[in-house]
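What follows is the residue order along each chain.
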Amino acid sequence: MKPTVKPASQFATNTTTVPTAENQILEANPNSPAGEVKPTSKSLASQAVSGLKWGSASTVANAVMQIGYTTIMARLLAPEAFGVIAIAGVILRFGSYFASLGLSQAIIQKEDLSNENIRAAFTSSLVLGAFFTIVAWLIAPFATEFFDNGVGVNESLLVPVVQVMGIAFLLNGLSSTATTLLQRNMQFKALSIIETISYVLAYLGVGIICAYLGLGVWSLVFASLAQTTLVAIGAYMVVRHNVLLHFNWTSYKPLFSYGSKMSIVSFLEFISISLGSILIGRAFGSYKLGIYDRALLLVSLPMHMLTRTVSKVIFPSFSKMQSDNEKLGRVYLSSITLLAAAVIPVCLGIAVASPEIILVLLGDQWVESIPVLQVLCLGIPLSFITMFAGIVCDAKAALNSKVVLNVLFILVICGCFYLLKDYGLVGFAFAVFIAELLRVALYQRVMRKVLDLSYKTQLQIYLPGLLNGVLVAACIYGVSHILRSLDIPMIVVLAAQIVTGALSLLTLTFVFPLKLLREQIGQVIAMVGFNVNTSTYLGKMISRFKKDFI
């Protein structure tokens, strides 16, 4: 029998509610605690598309800036600096899941949200943020001892870095309610502008200047804190929610009933994501961790940029259709099909071009990252694809399955690391790939129960991405094989690889797409409502997709 999953309406209260964004958008008004409601005729679908447009523009801009930032900082700082930040990040993220208690997800997922709920969420976030800032300062010397096993961890540097970066708990406590309300109300234009401006000022401004002045690892610390501060200021200027503290348990209960479970799930996900930093930092030290961290960043950054915008829009959208399994199942399958068709080819292309990517972007001192990057390109795309199954579980409040799944993932990756640790960083990268394959299988079982999707249907949606990925990688390999034999600058080779990959992927996606992929693209085009000139080649191609869908 298919298990019953309670809808989010169980969290409803009898207080005056703030309308959700299903049939209207909340636009900022400084005279209203959570934003004055201005009704519009936009549907949930059109709002989601608008969010994707703005989020995608911000994502592209941030991706370009982050590539430039990483290239510059990799030449100004040693690998150890990035390793120290990675270890500090693990320690601090450990507390971040307890500091938030899943309240952000609860605000988005709750169908009826009152002003008292908002005040309760802000009060909790602020108090917990201040508390964990103090805790981070006090326990930093003890937490860092875990990584101090004589393999090159600079404890005298790591302790103050953790203590200062702990201020982020307080800053996040101040900003989390405002940024979450922006997501819930699908105000992605404002959120995108805030994130882009804060990144420019913090990383390209504060970070690079501090690194140039010789501040070393502290340039990374100050850049991170600066961005968090700017996001907090920008988000509140838009939302202007009520900041009066609130201590009525009635307003807290519906948030904590969902948020506490979500916090457990998020913590387990943190453990699974951070195992690389934990195990490598413990076994090999900060230098090796820096090598691994940069390789992971180079493959994760494009994937993160491709998925971060979609995931922000998908969770509130999924939450609003949580009671309609058939509709939610269709949207889920469509999302995975389109995502896999982009993510898998990009990752396999990165694997082929990894020598040029490492040497051009990071420099000769990072050459050890090349084989690690190549193996990570097999596992990381699976991690980002299964993220959407996790979002379905969040929207349906099917959190017990996520708990079991993440526990099994942690056990498998630890076991694989133990068996492959003699192979160093490459061995751990293979452990990640094996564990991600398991996660795909487990999430398919969960989706079979939650959305009643057959295994065959779930496996089919990977085919366009896998086939296109192999063909794109083959095209890049052919060009690389020819150009590497010639005496030409490596940056020219990388440019040719990027152009080859982009052209081959666009051709396979829009000119010669597989039937399943063509149907999903047609559905998106029909939803967006493109009006095109059919006399042009582009117009004819778009019309063909629309015709296939209709």
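Scoring rules and cut-offs
- Counting restarts for each chain: residues are numbered from 1 in the order of the written sequence.
- Local features are withheld for residues below a pLDDT of 70 in this predicted model, meaning they are given only at 70 or higher, and side-chain atom pairs are given and counted only at 80 or more; totals for whole chains, interfaces and linings count all residues.
- Note that water and hydrogens are dropped before the side-chain values are worked out from all heavy atoms of the structure.
- Distance thresholds for patches are 9 Å for like charges and 5 Å for nonpolar side chains (Val, Leu, Ile, Met, Phe, Trp, Tyr), applied to residues having over 30% relative accessible area and no salt bridge.
- Here, Shrake-Rupley sampling with a 1.4 Å probe gives the accessible areas, and only protein chains in the shown set may cover a residue.
- Only one rule defines a salt bridge in this text: a Lys or Arg side-chain nitrogen within 4 Å of an Asp or Glu carboxyl oxygen.
- Counting from the N terminus, the helices are the DSSP runs of H or I reaching at least four residues and the strands are the DSSP runs of E reaching at least two.
- Per-residue accessibility, obtained with a 1.4 Å probe over protein chains only, is compared with the maximum for each type, and a residue is labelled buried under 20%, exposed over 50%, and partly exposed between these values.
- Any two residues having at least one pair of non-hydrogen atoms within 4.5 Å are treated as being in contact.
- Here the axes come from fitting lines to C-alpha atoms, over the contacting stretch only for helices, and the angles between their N-to-C directions go from 0 to 180 degrees.
- Roughly parallel here means an angle under 35 degrees, roughly antiparallel means over 145, roughly perpendicular means 65 to 115, and every remaining angle is called oblique.
- Definitions for this section: a left-handed crossing has its near helix turned counterclockwise from the far helix by less than a right angle. A right-handed crossing has that turn clockwise.
- Residues are grouped as follows: Ala, Val, Leu, Ile, Met, Phe, Trp, Tyr, Cys and Pro are nonpolar; Asp, Glu, Lys and Arg are charged; every other residue, Gly included, is polar.
- Here is the rule: rings of Phe, Tyr and Trp (six-membered ring for Trp) pair when centre to centre is within 6.5 Å. Planes less than 30 degrees apart are stacked, more than 60 are edge-to-face, and the remainder are tilted.
- Sitting over a ring, as applied to charges here, requires NZ of Lys or CZ of Arg to be within 6 Å of the ring centre and within 35 degrees of the ring normal.

## Looking at a nonpolar patch on the surface
Phase 1 of the analysis: Among the surface-exposed residues, I72, L76, I209, Y212, L213, L215 and F222 lie close enough to one another that they form a single nonpolar patch of about 700 Å² accessible area.
Phase 2 of the analysis: At the level of secondary structure, the elements contributing two or more residues to the nonpolar patch comprise α1 (44–76) and α7 (188–212).
Phase 3 of the analysis: By the element assignment, L76 lies in helix α1.

## Things to note about the pattern of salt bridges
Phase 1 of the analysis: Evaluated as defined, the whole model comprises six salt bridges.
Phase 2 of the analysis: Here R294 ties to D293 by a salt bridge, and the two come within 2.6 Å at their closest N and O atoms.
Phase 3 of the analysis: Its relative accessible area of 11% is what places R294 among the buried residues.

## Focus on the side chain of R439
Phase 1 of the analysis: With respect to the secondary-structure elements, R439 resides in helix α14 (residues 424–450).
Phase 2 of the analysis: Aside from chain neighbours lying at most four places away, what touches R439 is S272, S383, T386, L405, N406 and F409.

## Here we look at unusual backbone geometry
Phase 1 of the analysis: Positive phi values are uncommon outside glycine, yet R240 reaches one of about 55°.
Phase 2 of the analysis: The topology assignment puts R240 in the loop between α8 (217–239) and α9 (249–284).
Phase 3 of the analysis: Even without a glycine there, the phi angle at D452 is positive, about 60°.
Phase 4 of the analysis: Looking at where D452 falls in the secondary structure, it is placed in the loop between α14 and α15 (455–460).

## A word on the packing of helix α16 (residues 463–484) against helix α17 (residues 490–511)
Any two packed helices are characterised by the angle at which their axes cross and by the distance between the axes.
Phase 1 of the analysis: The N-to-C vectors of α16 and α17 enclose an angle of 150°; their axes lie 9 Å apart at closest approach. Judged on the interaxial angle alone, α17 and α16 are roughly antiparallel. As α16 packs across α17, the resulting crossing turns out to be right-handed. Residue-level contacts link N468, L471, V472, C475, I476, V479, S480, L483 and R484 of α16 to V493, A496, Q497, T500, G501, S504, L505, L508 and T509 of α17.

## Digging into the packing of α7 against α8
Phase 1 of the analysis: In the contact formed by α7 and α8, the axes pass within 8 Å of each other and the chain directions differ by 155°. The orientation of α7 relative to α8 falls into the category roughly antiparallel. Judged by the sense of rotation from one axis to the other, the crossing of α7 with α8 is right-handed. Here A190, I194, E195, S198, Y199, L201, A202, Y203, V206, G207, C210 and A211 of α7 lie close against α8, whose contacting residues are S219, F222, A223, S224, A226, Q227, L230, V231, G234, A235 and V238.
Phase 2 of the analysis: For the contact of α7 with α8, the class distribution of residues is 16 nonpolar, six polar and one charged.

## Focus: the packing of aromatic side chains
Phase 1 of the analysis: The tally for this structure, following the rule as stated, stands at 10 aromatic pairs.
Phase 2 of the analysis: Geometrically, the ring pair formed by F131 and F132 is edge-to-face, given 5.3 Å between the ring centres and 90° between the ring planes.
Phase 3 of the analysis: Looking at F131, the relative accessible area reads 47%, which means it is partly exposed.
Phase 4 of the analysis: Aromatic side chains F284 and F417 sit 6.5 Å apart centroid to centroid with 70° between the ring planes, which places their arrangement in the edge-to-face category. Of this pair, F284 sits in helix α9 while F417 sits in helix α13 (residues 399–420), and the two are 133 residues apart along the sequence.
Phase 5 of the analysis: Take F284: its relative accessible area is 24%, and that puts it in the partly exposed class.
Phase 6 of the analysis: On the accessibility criterion, F417 (8% relative accessible area) is buried.
Phase 7 of the analysis: Sitting over the face of the ring of F409, R439 holds its NZ or CZ atom 3.9 Å from the ring centroid.

## Overview of the environment of A81
Phase 1 of the analysis: The topology assignment puts A81 in helix α2 (residues 79–100).
Phase 2 of the analysis: A81 sits in the buried class, given a relative accessible area of 10%.
Phase 3 of the analysis: Excluding residues within four positions of it along the chain, A81 makes contact with V217 and L220.

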